[in-house]
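Below are the chains, spelled out letter by letter.
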Amino acid sequence: MAKPRILVCDDEENLRKAIRLILERDYELAFAEDGEQVLAQFATQPFDLVLLDIKIPKKDGMEVLAELMTLK
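Calculation rules
- Sequence positions are assigned chain by chain, starting from 1 and proceeding in written order.
- With pLDDT at 70 or above as the cut-off, local features in this predicted model cover only qualifying residues; side-chain atom pairs require 80 or more to be listed or tallied, and sums for whole chains, interfaces and linings still use all residues.
- Note that water and hydrogens are dropped before the side-chain values are worked out from all heavy atoms of the structure.
- Comment: elements are numbered from the N terminus, with helices defined as DSSP H or I runs of at least four residues and strands as E runs of at least two.
- Only protein chains enter the area calculation, which uses a 1.4 Å probe; residues under 20% of their type maximum are buried, those over 50% are exposed, and those in between are partly exposed.
- Polar contacts, as used here, are pairs of N or O atoms within 3.5 Å; protein pairs need one atom able to donate a hydrogen and one able to accept it. Residues neighboring in sequence count only if both atoms are side-chain atoms.
- In what follows, a contact means two residues having at least one pair of non-hydrogen atoms within 4.5 Å.
- The pairing criterion is simple: DSSP has to find at least two bridges between the two strands.
- For helices, the fitted axis covers only the stretch in contact; all axes are lines through C-alpha atoms, and the angles between them, taken along N-to-C directions, range from 0 to 180 degrees.
- Put simply, a nonpolar core is a bunch of buried Ala, Val, Leu, Ile, Met, Phe, Trp, Tyr and Cys residues held in one set by side-chain atoms that sit within 4.5 Å of each other.

*Asks:* Could you give me a rundown of the side chain of Asp34, with the residues and numbers involved?
*Replies:* Its location among the elements puts Asp34 in the loop between β2 (28–32) and α2 (35–44). The exposure class assigned to Asp34 is buried, which follows from its relative accessible area of 7%. In this structure the side chain of Asp34 is engaged in a polar contact, spanning 3.0 Å, whose partner is the backbone nitrogen of Glu36. If we ignore the near neighbours within four places in the chain, the residues touching Asp34 are Cys9, Ile56, Pro57 and Lys58.

*Asks:* Describe unusual backbone geometry, naming the residues involved and giving the relevant values.
*Replies:* Residue Lys58 is not a glycine yet carries a positive backbone phi of 70°. Position of Lys58 relative to the elements: it lies in the loop between β3 (49–52) and α3 (61–71).

*Asks:* Can you explain the sheet that holds β2? Please cite residues and give values.
*Replies:* A sheet is described by the order of its strands in space; here three strands give the open sequence β2-β1-β3, paired in parallel fashion. Each edge of the sheet is formed by a strand with only one pairing partner; in this case those strands are β2 and β3. Looking at each pair of strands side by side, their axes are set apart by 20° on average, direction ignored. Of the pairings in the sheet, the one linking strand β1 (residues 5–9) to β3 comprises four bridges and is parallel in character. Paired with Leu7 across the two strands is Val50, which belongs to β3. Lying on the sheet, α2 is in contact with β1, β2 and β3; it crosses β2 at an angle near 140°.

*Asks:* How would you summarise the nonpolar core if you had to cite specific residues and measurements?
*Replies:* Formed by Leu7, Cys9, Ala30, Ala32, Val38, Leu39, Phe42, Phe47, Ile56, Val64 and Leu68, the largest nonpolar core amounts to 11 residues. When residues of this core are traced back to their parent elements, those giving at least two are β1, β2, α2 and α3. Element by element, the count of residues in this core is highest for α2, at three residues. If you look at the next biggest cluster of nonpolar residues, it comprises six residues, including Ile6, Val8, Leu29 and Phe31.

As structure tokens, then:
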């Protein structure tokens, strides 16, 4: 059975590393540092969950969430 896929977006590298350490055994993870990267990755592959920081570069988390909601 395939692992659930999670897209994690946070501009803080240490937080991304911590999330990787905690979740990598049970989940397939992808990471983004800004809102545009989230949208680009989401457009090319499906995710079961997106963990999205609100204050991120280029497009804030609320803008990204609004766009993601139109895609599903």
